[in-house]
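# Architecture and fold: a report
Next come the chains, spelled out residue by residue.
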Amino acid sequence: HTTEYEHGHKRTVVLGETLSTYPFNYELVNKRKAQATMITPRGKDNGKFWLSSLRFDCPVPNNGELRNIVRSGDGVLSDGTATIYVDIVPIRTSARFGTGEIYG
């Protein structure tokens, strides 16, 4: 999103929306490590993911010139202030326990 100022009023403008993409399926990777599940109903599973780095990509929406503005750096002012912001919103899904509930 970006913020526009018109006649002294601030207005947020949504430039586009995309979903994150993941380079691999975390549940499948965990299963290949011979683990039955990433999380357990008892909650004794923090060691499996607490300090893990989760990699994901946030594609830039194909909104006219937006990709070119981000690529070229034209969205950054001369003093280093950004004019385009990314909102990351988690989409919560229900917990899946055991191999029968793994998305693959």
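Before reading on, note that the structure itself is shown above.
Rules and cut-offs
- Residues numbered from 1 in each chain as written.
- Predicted model: local features only at pLDDT ≥ 70, side-chain atom pairs only at ≥ 80, totals over all residues.
- Heavy atoms only, no water.
- Helix = DSSP H or I, 4+ residues; strand = E, 2+ residues; numbered from the N terminus.
- Buried < 20%, exposed > 50% of the residue type's maximum accessible area, 1.4 Å probe, protein only.
- Contact = heavy atoms within 4.5 Å.
- Pairing = 2+ DSSP bridges.
- Polar contact = N/O pair within 3.5 Å; in protein donor to acceptor, adjacent residues only side chain to side chain.
- Phe/Tyr/Trp six-rings, centres within 6.5 Å; stacked < 30°, edge-to-face > 60°.
- Salt bridge = Lys/Arg side-chain N within 4 Å of Asp/Glu carboxyl O.

A tally of helices and strands in the protein yields 3 helices and 2 strands. For the protein, the sequential pattern of α-helices and β-strands runs β-β-α-α-α. Burial analysis of the protein (104 residues in total) assigns 11% to the buried set. Partitioning the intrachain contacts of the protein with sequence separation of at least 6 by distance along the chain shows that 54% fall at a separation of at least 24.

On to the pairing of strand β2 (residues 9-13). In the case of a regular strand, side chains alternate between the two sheet surfaces. Examined bridge by bridge, strand β1 (residues 2-6) and β2 share 5 bridges and lie antiparallel to one another. Pairing of E4 across the sheet is with R11, part of β2. Hairpin connection between β1 and β2: a loop of 2 residues separates the two successive antiparallel strands, and H7 in this loop has a positive phi of roughly 55°.

The next point concerns unusual backbone geometry. Its identity as a non-glycine residue notwithstanding, H7 has a phi of 55°, on the positive side. With respect to the helices and strands, the residue H7 is situated in the loop between β1 and β2.

This brings us to the environment of Y85. One can find Y85 in the segment after α3 (66-72). Looking at Y85, the relative accessible area reads 39%, which means it is partly exposed. Y85 sits 70 residues away from L15 along the chain, and the two C-alpha atoms are 9.6 Å apart. A distance of 3.0 Å separates a polar side-chain atom of Y85 from the backbone oxygen of A82.

Attention shifts here to the packing of aromatic side chains. Applying the stated rule across the entire model yields 1 aromatic pair. Geometrically, the ring pair formed by Y22 and F56 is tilted, given 6.4 Å between the ring centres and 50° between the ring planes. Pair noted here: Y22 is in the loop between β2 and α1 (26-32) and F56 is in the loop between α2 (46-49) and α3, with a separation of 34 residues, a long-range link. For Y22, a relative accessible area of 52% gives the class exposed. For F56, a relative accessible area of 38% corresponds to the partly exposed category.

Under the criterion given, the structure shown has 1 salt bridge. Here R11 makes a salt bridge to E4, at a shortest N to O gap of 2.7 Å.

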